[in-house]
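Per-entry structural report
Here is how the chains run, residue by residue.
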Amino acid sequence: EVQLVESGGGLVQDGGSLRLSCAASGFAFHSYAIGWFRQAPGKEREGVSCISTEGRTYYTDSVKGRFTISRDNTKRTVYLQMNSLKPEDTAVYYCNAHRVTSPIAYDYWGQGTQVTVSS
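Residues numbered from 1 in each chain as written. Predicted model: local features only at pLDDT ≥ 70, side-chain atom pairs only at ≥ 80, totals over all residues. Heavy atoms only, no water.

**Re the overall build of the chain**
Heads up, the condition is: Runs of E in the DSSP output that reach at least two residues are strands. Runs of H or I that reach at least four are helices, and both are numbered from the N terminus. It is over C-alpha atoms that the radius of gyration is taken, and the globule rule equals 2.2 Å times the number of residues to the power 0.38. Any two residues whose heavy atoms approach within 4.5 Å at even a single point are treated as in contact.
Scanning the chain from terminus to terminus reveals zero helices and eleven strands. Helices and strands appear in the chain in the N-to-C order β-β-β-β-β-β-β-β-β-β-β. Taken against the 2.2 N^0.38 rule, which gives 14 Å for 119 residues, the C-alpha radius of gyration of the chain at 14 Å falls within 12% of a compact globule. Taking the intrachain contacts of the chain between residues at least 6 apart in sequence as the baseline, contacts between residues at least 24 apart amount to 55%.

**Here we look at the pairing of strand β3 (residues 18-25)**
Note the threshold: Two strands pair if DSSP finds at least two bridges between them.
Direction of pairing for strand β1 (residues 3-7) relative to β3: antiparallel, over a ladder of five bridges. Pairing of Q3 across the sheet is with S25, part of β3. Across six bridges, β3 lies against strand β8 (residues 77-82) in antiparallel orientation. Within the sheet, the bridge partner assigned to L20 lies in β8 and is L80.

**Remarks on the packing of aromatic side chains**
Note the threshold: A pair of Phe, Tyr and Trp rings is counted when the ring centres sit within 6.5 Å of each other, with Trp represented by its six-membered ring. The angle between the planes then sorts it: under 30 degrees is stacked, over 60 is edge-to-face, the rest tilted. For each residue, the accessible area found with a 1.4 Å probe, counting protein chains only, is set against the maximum for its type, and the residue is called buried under 20%, exposed over 50%, and partly exposed in between. In our convention, an over-ring charge means Lys NZ or Arg CZ found within 6 Å of a ring centre and within 35 degrees of that ring's normal.
As enumerated under the stated definition, the model contains five aromatic pairs in all. For the ring pair F27 and Y108, a centre distance of 5.2 Å and an interplane angle of 55° mean the geometry is tilted. Of this pair, F27 sits in the loop between β3 and β4 (33-39) while Y108 sits in strand β10 (residues 104-109); the two residues are 81 residues apart in sequence, bridging distant segments of the chain. Judged by relative accessible area, which is 10%, F27 ranks as buried. An aromatic cluster of three or more residues is present, and its members are F27, F29, Y32 and Y108. The aromatic ring of Y94 is capped on one face by R45, whose charged end is 3.9 Å from the ring centroid. Over the ring of W109 we find R45, and its NZ or CZ is 4.6 Å from the ring centre.

**Some thoughts on the state of the cysteines**
To be explicit about the condition: Any two cysteine sulfur atoms within 2.5 Å of one another count as a disulfide.
Taken as a whole and judged by the stated rule, the model has one disulfide. Here C22 pairs with C95 through a disulfide, and the sulfurs are 2.0 Å apart. Taking the torsion about the S-S bond as the criterion, the C22 to C95 disulfide, at about -80°, is left-handed. Of the two residues, C22 sits in strand β3 while C95 sits in strand β9 (residues 91-101), which places them 73 residues apart along the sequence. We classify C95 as buried; its relative accessible area is 0%. C50 takes part in no disulfide bond, and the closest cysteine sulfur, belonging to C95, lies 12 Å away. Given the relative accessible area of 31%, C50 is considered partly exposed.

**Examining the nonpolar core**
For soluble globular proteins, the rule of thumb is that nonpolar side chains tend to be buried together. For clarity, the cut-off: Residues belong to one nonpolar core when they are buried, are Ala, Val, Leu, Ile, Met, Phe, Trp, Tyr or Cys, and are joined through side-chain atoms within 4.5 Å.
Ranked by internal contacts, the top residues of the largest apolar core, which has 28 residues, are I34, W36, F67, L80, M82 and Y93. Mapped onto this core, the elements with two or more residues apiece are β3, β4, β5 (46-51), β7 (67-72), β8, β9 and β11 (113-118).

Quick look at the structure:
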């Protein structure tokens, strides 16, 4: 069974920090790029950060300098360290595992974890 389980969300004040974790099982974790997405009510799901199988990282402009993504293939876990949180970061955060093996693309999603930043 493929599983991606997010944890670490919660309620923090403006300027606070959280570290999200995504624990993976049931698939070849090391062969997948892993991303964090978020979705606020009434808004489209937005890519926040991703890390490739080679360790290359990407951040959307709004979180650059504040968020850091990392992966531990031995622990089969991806982390998102979030510092200097802002109210606009409030959303459900989802972990995604992605792999393209032509002609098929694989996408696995976790259940999400709520992050709420109070002003």
